Amino acid sequence: MGDDPEQYLMVDKKTQMQEQTVAFDGKKSVWVPDEKEGFVSAKIESTKGDLVSVITPQGKQVTLKRDDTQQINPPKFEKSEDMAAMTFLNEAGVLHNLRQRYYAGLIYTYSGLFCVAINPYRRLPIYTEKVVMLYKGKRRSEMPPHVYSVADNAYHDMLQDHENQSMLIT
């Protein structure tokens, strides 16, 4: 397993720059419910009262209540490491962020104080002594999301504050 662990810990800077500079119109971009995907992005074509007519990326026109749509986060939040920082913390936005990070091999994501992990159903080279040492002694904000960061910060707080620490893993 000669894989570089960094590709499974953070988005490479070139890809990140490309994804975060995509053209975006926050007033016309929305998430709409989809039976297969959960939610898909769509562009608002017109509004009439509380109804909106949207076009999906597949070219399908859908009319639904505005309350059934959810706002899309600007591209700067694409594959966000901490979802608490997103402009719109809604179901569709969270699902999209977790899905995109998972597809990129990034299984850990923060949501405020919580660390969300999605099982990759394969071994990743992110549980080695080298990776432990990358996280040792670092603040949470200094490194990408990882269970090692949570553990090291809890250990540090226990030593510094002389108080027990606990973690909830479900």
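Anything mentioned here points back to the structure above.
Residues numbered from 1 in each chain as written. Predicted model: local features only at pLDDT ≥ 70, side-chain atom pairs only at ≥ 80, totals over all residues. Heavy atoms only, no water.

1. Some details on the pairing of strand β3 (residues 51–55)
Reasoning step 1: Bridging between strand β2 (residues 38–48) and β3 involves five bridges; their strand directions are antiparallel. Bridged to Lys48 within β3 is Leu51.
Reasoning step 2: Once β3 ends, the chain turns through five residues before running back antiparallel as strand β4 (residues 61–65), passing Gly59 with a positive phi of about 85°. (Pairing = 2+ DSSP bridges. Helix = DSSP H or I, 4+ residues; strand = E, 2+ residues; numbered from the N terminus.)

2. Looking at the environment of Thr87
Reasoning step 1: Assignment of secondary structure puts Thr87 in the loop between β5 (70–71) and α2 (91–103).
Reasoning step 2: With 39 residues separating them in the primary sequence, Thr87 and Ile126 have C-alpha atoms 30 Å apart.
Reasoning step 3: Non-local contacts of Thr87, meaning those with residues more than four positions away in its chain, are made with Asn73, Pro74 and Phe77. (Contact = heavy atoms within 4.5 Å.)

3. Comments concerning the environment of Ala23
Reasoning step 1: Assignment of secondary structure puts Ala23 in the loop between α1 (13–20) and β1 (29–34).
Reasoning step 2: The spacing of Ala23 and Lys13 is ten residues in sequence and 18 Å in space, taken between C-alpha atoms.

4. Thoughts on helix α4 (residues 147–161)
Reasoning step 1: If you check α4, its first and last C-alpha atoms are 21 Å apart, about what 15 residues at 1.5 Å a residue would give, namely 21 Å.
Reasoning step 2: Every buried residue of α4 is accounted for by Ser149, Asp152 and Ala154.
Reasoning step 3: Elements in contact with the buried residues of α4: β6 (108–111) and α3 (129–135).
Reasoning step 4: Immediately beyond the C-terminal end of α4, within one or two residues, lies His162, with a positive phi of roughly 55°. (Expected span 1.5 Å × (residues − 1). Buried < 20%, exposed > 50% of the residue type's maximum accessible area, 1.4 Å probe, protein only.)

5. Comments concerning the pairing of β1
Reasoning step 1: Note that β1 and β2 share six bridges and pair antiparallel. Residue pairing in the sheet places Val32 in a bridge with Val40 of β2.
Reasoning step 2: Hairpin connection, β1 to β2: the antiparallel pair is bridged by three residues.
Reasoning step 3: Note: β1 against β5, two bridges, orientation antiparallel. Bridging from a neighbouring strand, Val30 pairs with Gln71 of β5.

6. Observations concerning a nonpolar patch on the surface
Reasoning step 1: Together, Tyr155, Met158 and Leu159 make up an exposed nonpolar region whose accessible area comes to about 290 Å².
Reasoning step 2: On the secondary structure map, Leu159 appears in helix α4. (Patch = residues over 30% accessible without salt bridge, like charges linked within 9 Å, V, L, I, M, F, W, Y side chains within 5 Å. Areas by Shrake-Rupley, 256 points an atom, 1.4 Å probe, with all protein chains shown as cover. Salt bridge = Lys/Arg side-chain N within 4 Å of Asp/Glu carboxyl O.)

7. Here we look at the nonpolar core
Reasoning step 1: Of all hydrophobic cores here, the largest spans nine residues; its members are Tyr8, Leu9, Ile107, Tyr108, Leu124, Ile126, Val131, Tyr135 and Met143.
Reasoning step 2: Not counting the four nearest positions on each side in its chain, Tyr135 is found in contact with Leu9, Met143, Pro144, Pro145, His146, Tyr148, Ser149 and Asp152.
Reasoning step 3: Val40, Ala42, Ile44 and Val54 belong to the second largest nonpolar core, which has eight residues in total. (Core = buried A, V, L, I, M, F, W, Y, C linked by side-chain atoms within 4.5 Å.)

8. Details of the side chain of Asn73
Reasoning step 1: With respect to the helices and strands, Asn73 occurs in the loop between β5 and α2.
Reasoning step 2: On the basis of relative accessibility, which here comes to 11%, the residue Asn73 falls in the buried class.
Reasoning step 3: Of the polar contacts made by the side chain of Asn73, one reaches the backbone nitrogen of Phe88; its length is 2.6 Å.
Reasoning step 4: Once you skip the residues sitting within four places of it in the chain, Asn73 turns out to touch Phe24, Met86, Thr87, Phe88 and Gly93. (Polar contact = N/O pair within 3.5 Å; in protein donor to acceptor, adjacent residues only side chain to side chain.)

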